[in-house]
Amino acid sequence: NAGVTQTPKFRILKIGQSMTLQCTQDMNHNYMYWYRQDPGMGLKLIYYSVGAGITDKGEVPNGYNVSRSTTEDFPLRLELAAPSQTSVYFCASSAPGGPTDTQYFGPGTRLTVL
Amino acid sequence: AQSVTQLGSHVSVSEGALVLLRCNYSSSVPPYLFWYVQYPNQGLQLLLKYTSAATLVKGINGFEAEFKKSETSFHLTKPSAHMSDAAEYFCAVSDPSGTYKYIFGTGTRLKVLA
């Protein structure tokens, strides 16, 4: 199994541009998450989804949007890129068994906004 | 609200020495705790997790962690460090509500000296 895949691996955007970060999982997990990782800050939750058609905000949702039309895919949209969105973005998924579920992470997308 | 604190953003040990990475949690309900490892330019992978079944938890690559309720701690240890252990380590606590979101610590970067 591929697990959680993310594309692209790297991207440079200009201020004001838009882009979509793709995330796909093949484990039939209902729960999916988007995090951003900034140096010295750990990972912060941007958005999460508990199933197709259901999404909710995490800790740092401003400037981002998500959709979840299928169980497999959970894209993250940046509408007007800003330098503050320079970060490494991780997608994760888990099965909805309970609070001890393991989250499985993708390899990340490194985004730079200039 | 739940939170985790990782003491020491950088830890250096000699090869063969004991590894001790500290994590303290703040929780008003029984916590579910995780340790993840991130190797350079990769996503996070699970080392071990506390699910209340046993206070001493053994994980992959020779790591273990002990849950101490009286100290609100879940420190990660390994008796003998190997060069391949150099990575960033994250402690996380799971939200016990239906969303099962993780709250991550800020991470500890482990350096292993030859």
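Located above this text is the structure these notes cover.
Please read these numbers as outputs of a predicted model, since none were measured by experiment.

Calculation rules
- Residues numbered from 1 in each chain as written.
- Chains lettered and ligands numbered in written order.
- Predicted model: local features only at pLDDT ≥ 70, side-chain atom pairs only at ≥ 80, totals over all residues.
- Heavy atoms only, no water.
- Helix = DSSP H or I, 4+ residues; strand = E, 2+ residues; numbered from the N terminus.
- Rg over C-alpha atoms; globule rule 2.2 N^0.38 Å.
- Buried < 20%, exposed > 50% of the residue type's maximum accessible area, 1.4 Å probe, protein only.
- Contact = heavy atoms within 4.5 Å.
- Areas by Shrake-Rupley, 256 points an atom, 1.4 Å probe, with all protein chains shown as cover.
- Lys, Arg positive; Asp, Glu negative; His and termini not counted.
- Charge placed at Lys NZ, Arg CZ, Asp CG, Glu CD.
- Pairing = 2+ DSSP bridges.
- Phe/Tyr/Trp six-rings, centres within 6.5 Å; stacked < 30°, edge-to-face > 60°.
- Lys NZ or Arg CZ within 6 Å of the ring centre and 35° of its normal.
- Axes fitted to C-alpha atoms, helices over the stretch in contact; angles between N-to-C directions.

A. Local environment of the overall build of chain A. When its secondary structure is counted, chain A shows zero helices and eleven strands. Taken over the C-alpha trace, chain A has a radius of gyration of 13 Å; the compact-globule value for 114 residues is 13 Å, and the two agree within 12%. Projected onto its principal axes, the C-alpha positions of chain A cover 40 × 30 × 25 Å. Burial status across chain A gives 47% buried among its 114 residues. Restricting to contacts in chain A with at least 6 residues of sequence separation, those with at least 24 account for 55%. Surface summary for chain A: the accessible area is close to 5200 Å², and the carbon and sulfur share equals 52%. Put simply, chain A has 9 plus and 8 minus side-chain charges, and the middle of one group is 11 Å from the middle of the other.

B. Quick look at the overall build of chain B. Of regular secondary structure, chain B possesses zero helices and twelve strands. Mapped from its N terminus to its C terminus, chain B presents α and β elements in the order β-β-β-β-β-β-β-β-β-β-β-β. Here the C-alpha radius of gyration of chain B, 14 Å, is about what a compact globule of 114 residues would show, namely 13 Å. The principal-axis extents of the C-alpha atoms in chain B amount to approximately 45 × 30 × 20 Å. Residues classed as buried in chain B amount to 46% of the 114 residues present.

C. Representation of the pairing of strand β3 (residues 19-25) of chain A in the model. Residues and elements named next belong to chain A. Burial along β3 is one-sided: M19, L21, C23 and Q25 are buried, while T20, Q22 and T24, pointing the other way, are not. Relative to β3, strand β1 (residues 4-7) is paired through four bridges, and the arrangement is antiparallel. Residue Q6 lies in a different strand from β3, and its bridge partner there is C23. The pairing of β3 with strand β8 (residues 76-78) spans three bridges and is antiparallel. Opposite M19, over in β8, you have L78 as the bridge partner.

D. Geometry of the packing of aromatic side chains. Counting across every chain of the model gives 16 aromatic pairs over all chains. With centroids separated by 6.2 Å and ring planes inclined at 55 degrees, the aromatic side chains of B:Y50 and B:F74 adopt a geometry described as tilted. Separated by 24 residues along the polypeptide, B:Y50 in strand β6 (residues 44-50) and B:F74 in strand β9 (residues 73-78) bring together distant segments of the chain. An aromatic cluster is present here, built from A:Y33, A:Y35, A:F105, B:F34, B:Y36, B:F90, B:Y102 and B:F104 joined pairwise through their rings. Here the basic side chain of A:R68 rests over the ring of A:F74, its NZ or CZ set 5.9 Å away from the ring centre.

E. Broad picture of the sheet that holds β8(A). All names here are of chain A. Pairing within the open sheet is antiparallel, and its four strands lie in the order β1-β3-β8-β7. In the strand order of this sheet, the two ends are held by β1 and β7 (64-66), each with one partner. Sheet twist, expressed as the mean angle between neighbouring strand axes with direction ignored, is 20 degrees. When β7 meets β8, the two strands line up antiparallel, connected through three bridges. In the strand pairing of β8, N65 is matched with R77.

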